[in-house]
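# Architecture at a glance
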Amino acid sequence: MARIVMKFGGTSMAGIERIRNVAERVKREWEAGHQVAVVVSAMAGETDRLVGFCKEASPLYDLREYDVVVSAGEQVTSGLLAITLQAIGVPARSWLGWQLPVHTSSAHASARIGSIDTDALNASLADGKVAVVPGFQGLADDNRVTTLGRGGSDTSAVAVAAAMKADRCDIYTDVDGVYTTDPRIVPRARKLGKVTYEEMLELASVGAKVLQTRSVGLAMKEGVRVRVLSSFEEHQEDDRRDDAGHRGTLIVGEEEIEDVERQLITGIAHDRNEAKVTLTDVPDRPGAVAHIFGPLAEAGINVDMIVQNIAHATGSTDVTFTVPRAELARALDVLEKQKGPIGFDRLIHDAKVAKISVVGVGMRSHAGVAATMFDTLAERRINILAITTSEIKVSVLIHEDETELAVRVLHTAYGLDAPEEAAA
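Residues numbered from 1 in each chain as written. Predicted model: local features only at pLDDT ≥ 70, side-chain atom pairs only at ≥ 80, totals over all residues. Heavy atoms only, no water.

### Concerning the nonpolar core
As a reminder, the rule being used: In this text, buried Ala, Val, Leu, Ile, Met, Phe, Trp, Tyr and Cys residues form a nonpolar core when linked through side-chain atoms within 4.5 Å. Throughout this description, buried means an accessible area under 20% of the type-specific maximum (1.4 Å probe, protein chains only), exposed means over 50%, and partly exposed covers the range between. The secondary structure listing takes helices from DSSP runs of H or I that are at least 4 residues long and strands from runs of E that are at least 2 residues long, numbered from the N terminus. Residue contacts are defined here by distance: any two heavy atoms, one from each residue, within 4.5 Å place the two residues in contact.
Of all hydrophobic cores here, the largest spans 36 residues; its most connected members are Val5, Leu121, Met164, Cys169, Met200, Leu211 and Val226. Counting only elements with at least two residues in this core, the list comes to β2 (35-40), α5 (119-126), β6 (130-134), α6 (152-163), β9 (168-173), α7 (197-205), α8 (213-222) and β11 (226-230). If one sorts the elements of this core by residue count, α6 sits on top with 5 residues. Not counting residues within four places of it along the chain, the set of residues in contact with Leu211 comprises Asp154, Ile171, Met200, Ala204, Val216, Val226, Val228 and Ile251. Listed in part, the 21 residues of the second largest apolar core include Ile4, Ile19, Ala23 and Leu229.

See the structure below:
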């Protein structure tokens, strides 16, 4: 017998028929003798609909009341799933975020989970019942409902798994695992049987959309074994296993992966949600860069790639960096207001860029990863606008129109293509 958390996203919960499919999957785990807790998202599109209502009611809505409204989506699906499970003979009970409770910070619309009381949850599981928990929501110290921000249900699922000391957290989505890159761009992309927490965290942070970054960070911190698999496979478990016999993709610690150095590169991610900003003729003196990035940080704008050119003979330098594309207008406004203290000449921006990243823990023990990337892109005359690295990642900024070509040629260059018969 194992303790399992099963998490289902919005597409899996989009309507009663899909909820019935979820209930059958839960029933199979329950009939196998496992203790099962289920974390659910709102129906696909429902959170957007509720957010729209808030904006219609008032553009300057109270975030405390916003949380009350948007958390209703998960409340509906958790109740419907409990009813559906009961109808097929599975004893089930829903537990809302405030009923457990899930304790969070008081940062409404972007709260962080502090702790989860599990006494009632453990008692319910021990009694043979399936516990259904709405993701995305919690309770602040002042007893106000909070939400965790978009994509927060993945984080809820990992937090519940950590609190109840689950053996595994299964996250069901619309893909059957984590691939070496986006299969829509590279049909010969391979599904990975296992990925380390660090690799998944890097992949998620640089554009891979399979898991929410916060959930991966929490799983790594708490040591929660996470499995990603599809909720739309119908009785194809054997067909969907990889060469090592895994169904879906396991995200685990390095100690669970044999010969972690064998695979140099695990995956290639791309992100079109970047914008490039360049400040020309910034005075080359101590504190100049702080005048740029301090105000951006105060405005809550995350800066990613940073390049400072060699100082000009005039005693100035150019500084280039990237921000999320959605934050470009705010970033430009902040910088224009700081033109005097910064002392730059021109403010240039470009939203037609994309970030391409190669990720793999094997980089720690292999040289030449970056050189292969640069040589491969140069052969296709793809210009690199900026570079950033970490211990297990190299990212470059290129023109947006060259995104798919870059992903394809790099996937081949690092030997990640599946054999043609496997991709067919």
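### Concerning the confidence of the model for the chain
Using the following cut-off: Note: pLDDT gives the predictor's confidence per residue, expressed from 0 to 100.
For the chain, mean pLDDT is 91; residues scoring 70 or higher make up 94% of the total. Low pLDDT, under 50, characterises residues 235-245; the stretch is placed with 13 contacts to residues that sit more than four places away or in other chains.

### With respect to the packing of aromatic side chains
Given two aromatic rings, one states the distance between the centres and the angle between the planes to describe the pair. Going by this rule: Only rings of Phe, Tyr and Trp enter the pairing, Trp through its six-membered ring, and a pair is recorded when the two centres are within 6.5 Å. The plane angle decides the type: under 30 degrees is stacked, over 60 is edge-to-face, the rest tilted.
For the structure on display, the rule yields 3 aromatic pairs. Taking 5.2 Å as the distance between ring centres and 10° as the angle between the ring planes, the aromatic pair formed by Tyr61 and Tyr66 counts as stacked. Its relative accessible area of 26% is what places Tyr61 among the partly exposed residues. Ring geometry for Phe293 and Phe321: centres 5.1 Å apart, planes at 75°, overall edge-to-face. Residue Phe293 is found in helix α9 (residues 288-298), and its partner Phe321 is found in strand β15 (residues 316-324); the two are separated by 28 residues along the sequence. Here Phe293 and Phe321 have matching classes, each one buried.

### Things to note about the sheet that holds strand β16 (residues 347-359)
Put simply, the test is: Strand pairing is assigned whenever DSSP identifies at least 2 bridges connecting the two strands. Think of each axis as a best-fit line through the C-alpha atoms, taken over the contacting stretch in the case of a helix, with angles from 0 to 180 degrees between the N-to-C directions.
Across the sheet, which stays open at both edges, the 6 strands sit in the order β14-β15-β13-β16-β18-β17 with antiparallel pairing between neighbours. The two strands at the open ends of the sheet, each matched to only one other strand, are β14 (306-308) and β17 (386-390). Going across the sheet, the axis of each strand differs from the next one's by a mean of 25°, ignoring polarity. With 10 bridges connecting them, strand β13 (residues 267-283) and β16 associate as antiparallel partners. Considered in β16, the bridge of Ala269 is made with Ser357. Set on the sheet, helix α12 (residues 369-379) makes contact with β16, β17 and β18 (393-399); between it and β18 the angle comes to about 20°.

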